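Structural description and commentary
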Amino acid sequence: MRKDKKQVIGDEISDDYIKSFLQFEPADGVTSPSVHKLVKAYRGLRIDDFERFVGFFVEAGLDLDGKDEHGQTFVEQIADQRNAPEYIEIINNARG
């Protein structure tokens with residue numbers, strides 16, 4: 001590959017596909033729908049796409065601090081994972 005060419009990994013994901021993660025609802029009736037949507041997006045999207053998702057998430061008026069059935073926020077759920085700092089930074093930036 002030429003040095004002036006940036007390597008592209010994967011295809012560009014459409015906004016509609018990213019927004020589809022806003023439709024996921026928890027089955028347990030206890031977990032916050034907001035947390036459920038964030039977890040699904042975290043597991044299903046690349047970091048750049050997750051950042052785009054969070055923009056749509058906030059725009060939809062969803063709660064960045066919703067809690068799961070154990071009383072944990074999304075950030076608390078992922079805090080011990082290897083790539084968590086990048087995702088936590090995205091959430092903190094979205095808070096303003």
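What counts as what
Residues numbered from 1 in each chain as written. Predicted model: local features only at pLDDT ≥ 70, side-chain atom pairs only at ≥ 80, totals over all residues. Heavy atoms only, no water. Core = buried A, V, L, I, M, F, W, Y, C linked by side-chain atoms within 4.5 Å. Buried < 20%, exposed > 50% of the residue type's maximum accessible area, 1.4 Å probe, protein only. Helix = DSSP H or I, 4+ residues; strand = E, 2+ residues; numbered from the N terminus. Axes fitted to C-alpha atoms, helices over the stretch in contact; angles between N-to-C directions. Parallel < 35°, antiparallel > 145°, perpendicular 65-115°, else oblique. Left-handed = near helix turned anticlockwise from the far one by under 90°. Contact = heavy atoms within 4.5 Å. Nonpolar A, V, L, I, M, F, W, Y, C, P; charged D, E, K, R; others polar. Expected span 1.5 Å × (residues − 1). Arc of directions from axis to C-beta. Phe/Tyr/Trp six-rings, centres within 6.5 Å; stacked < 30°, edge-to-face > 60°. Lys NZ or Arg CZ within 6 Å of the ring centre and 35° of its normal. Salt bridge = Lys/Arg side-chain N within 4 Å of Asp/Glu carboxyl O.

A word on the nonpolar core. Counting residues in each nonpolar core, the largest one holds 24 residues, and the members touching the most others are L38, L45, F50, F53, V54, F74 and I91. Residue assignment for this core shows that the elements contributing at least two residues are α2 (33-44), α3 (47-59), α4 (74-78) and α5 (84-95).

Following both chains from N to C, one finds α2 and α3 inclined at 160 degrees, their axes separated by 10 Å at the closest point. When the interaxial angle is binned, α2 and α3 end up roughly antiparallel. Here the hand of the crossing between α2 and α3 comes out right-handed. Contacts between α2 and α3 pair S34, K37, L38, A41 and Y42 from the former with F50, F53, V54 and F57 from the latter. When its residues are assigned to classes, the contact of α2 with α3 shows seven nonpolar, one polar and one charged.

This paragraph deals with α5. One turn of the α-helix equals 3.6 residues, which is why residues spaced by three or four share an orientation. For α5, which comprises 12 residues, the first-to-last C-alpha distance of 17 Å matches the rise-based estimate of 16 Å (1.5 Å per residue) to within 8%. Considered for burial, the residues of α5 that qualify are A84, Y87, I88, I90 and I91. The buried residues of α5 all sit within an arc of 155 degrees when viewed along its axis, so they share a single face. In α5, the exposed positions angled more than 90 degrees off the buried face are occupied by P85 and N93.

This structure, assessed with the given rule, holds nine aromatic pairs. Here the aromatic rings of F21 and F53 are separated by 6.5 Å at their centres, their planes lie at 75 degrees, and the arrangement is edge-to-face. Of this pair, F21 sits in the loop between α1 (15-19) and α2 while F53 is found in helix α3, placing the two residues 32 residues apart along the sequence. Taken individually, F21 and F53 each receive the classification buried, so the pair is uniform in this respect. A connected cluster of aromatic rings, assembled from ring pairs, spans Y17, F21, F24, Y42, F50, F53, F57, F74 and Y87. In this structure, K19 packs its charged tip against the face of F56, placed 4.8 Å from the ring centre. A cation over a ring is seen here: K40 above F24, with NZ or CZ 5.4 Å from the ring centre.

Taken as a whole and judged by the stated rule, the model has six salt bridges. In this structure, the salt-bridge partner of R46 is D49, at a minimum N-O distance of 2.9 Å. Residue R46 is classed as partly exposed on the basis of its relative accessible area, which comes to 35%. Overall, the relative accessible area of 4% leaves D49 in the buried class. As a salt-bridge pair, R52 and D49 come within 3.2 Å of each other at their nearest N and O atoms.

In short, the description is geometric, and any link to function would need to be established separately.
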